[in-house]
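# An overview of the molecular structure
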Amino acid sequence: MKRVLLIEDDPAVRRGIVLGLSRNGHETEAVATGEDGLDALVAIKPDLVLLDLMLPGMSGLEVCRRIRETSRVPIVILSARGDDIDVVIGLETGADDYVVKPASAAVIEARMRAVLRRVAPAQADIGTGAGSTAVGDLEIDRDALIVRKHGEELPLAPSELKLLLFLSAAPERTFSRQQLLEDIWEHSYYADARLVDACVMRLRSKIEEDPRHPVYVQTVRGFGYRFGPLPV
């Protein structure tokens, strides 16, 4: 059972999601506004946040931004439009995944489980039991699942950490966006590749000296991404 915070203003949608989560054994706190959501985040300390983008008052994007200022809790966006630019902005702001509404309880549950698997150290088999690796000014501690830059711990969101661990486990090997999508996000729909690009952008903003000229996470044009090599 997980503790889930649902921030959704539509009463009917809210009731349906709460019912589906309850049937899967989750404890759910449901609120209708971003302001109430931020208060609930502090009060109940959820394992995951389901966040509607179209909220009255404070927008879902602003809620996402504020959560990421203080917390690494996984965030799954709920959006009525799969092609909405707000979804992309939300991913760039720090969300870990998105679900297009209306969505069945089974789809929401599957996306939640995939995100939570990225968080649990016991499931991060590519990150555990391998000690620490120093690469340039980065230290990647695969046992503690911590990344440091110049000795200071970086506040990486779950998807960012899993992506870095995955890429750095095979330096100089190129992975396609589709492969990263399937291995890290556990999705297969090719349009969801924007999850990968948004996560790479956020990760670069934290680990690179100049995200416009990345050293660690490099783009292989027209294909995907690789880790390194560092310049001599």
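For every chain, the first residue of the written sequence is number 1, and numbering continues from 1 along that sequence. Per-residue local features are limited, in this predicted model, to residues with pLDDT of at least 70; the limit for side-chain atom pairs, both in listing and counting, is 80 or more; totals at the level of whole chains, interfaces and linings are taken over all residues. Side-chain descriptors were evaluated using all non-hydrogen atoms of the structure, hydrogens and water having been removed beforehand.

### Comments concerning the sheet that holds strand S9 (residues 152-153)
- Strands sit in the order S6-S7-S8-S9 across an open sheet of 4 strands; the sheet is antiparallel. Looking at strand neighbours, the two that pair on one side only are strand S6 (132-135) and S9, the edges of this open sheet.
- For two strands to count as paired, DSSP must find a minimum of two bridges between them. Comment: elements are numbered from the N terminus, with helices defined as DSSP H or I runs of at least four residues and strands as E runs of at least two. As defined by bridge partners, strand S7 (residues 138-141) adjoins strand S8 (residues 146-149) across 4 bridges and the pair is classed as antiparallel. Paired with Ile140 across the bridge in S8 is Val147.

### Some thoughts on the layout of surface pockets
- The definitions used throughout rest on a 1 Å grid laid over the protein atoms alone, on which a cavity is an enclosed set of points accommodating a 1.4 Å probe that cannot get out and a pocket is an open set flanked by protein within 12 Å on both sides along at least five of seven lines; lining residues are those having an atom within 4 Å of a point. Grid points are joined across faces, edges and corners, and a volume is the space filled by probe spheres set on the points. By volume, the second largest pocket is sized at about 150 Å³.
- Together, 15 residues line the second largest pocket, and Arg68, Ser71, Pro155, Ala157 and Lys206 are the ones closest to its centre.
- Of all elements in the fold, only helix H3 (60-70), helix H4 (85-93) and helix H8 (193-207) reach the threshold of two or more residues within the lining of the second largest pocket.

### Structural notes on the packing of aromatic side chains
- Pairing of aromatic rings covers Phe, Tyr and Trp, the last through its six-membered ring, and needs centres within 6.5 Å; plane angles under 30 degrees mean stacked, over 60 mean edge-to-face, and all others mean tilted. A full pass over the atoms with the stated rule returns 2 aromatic pairs.
- Look at Tyr216 and Phe227: their rings are 6.1 Å apart centre to centre, the planes differ by 20 degrees, and that puts the pair in the stacked class. Of the two residues, Tyr216 sits in the loop between H8 and strand S11 (217-220) while Phe227 sits in strand S12 (residues 224-227), which places them 11 residues apart along the sequence.
- Classification of Tyr216 by relative accessible area gives buried; the value is 6%. Residue exposure (1.4 Å probe, protein chains only): buried if accessible area is under 20% of the type maximum, exposed if over 50%, otherwise partly exposed.

### Brief notes about the packing of helix H2 (residues 34-44) against H3
- Put simply, H2 and H3 touch, their axes get as near as 10 Å, and they point 20 degrees apart. What the angle tells us is that H2 and H3 run roughly parallel. Regarding H2 and H3, the two cross each other, and that crossing is right-handed. Mapping the contact onto sequence places Gly34, Leu38 and Leu41 in H2 and Val63, Arg66 and Ile67 in H3. All axes here are fitted lines through C-alpha atoms, helices being fitted over the stretch that makes contact, and every angle between N-to-C directions spans 0 to 180 degrees. Should an angle fall under 35 degrees it is taken as roughly parallel, and over 145 as roughly antiparallel, whereas 65 to 115 is taken as roughly perpendicular and any remaining angle as oblique. Should the near helix be turned anticlockwise from the far one by less than a right angle, the crossing is termed left-handed; should it be turned clockwise, right-handed. By definition, residues are in contact when any of their heavy atoms lie within 4.5 Å.

### A word on the environment of Arg173
- Looking at the element boundaries, Arg173 is found in the loop between helix H6 (158-168) and strand S10 (175-176).
- Counting along the chain gives 54 residues from Arg173 to Phe227, while the straight-line C-alpha distance between them is 7.1 Å.
- Not counting residues within four places of it along the chain, the set of residues in contact with Arg173 comprises Gln179, Tyr225, Arg226 and Phe227.

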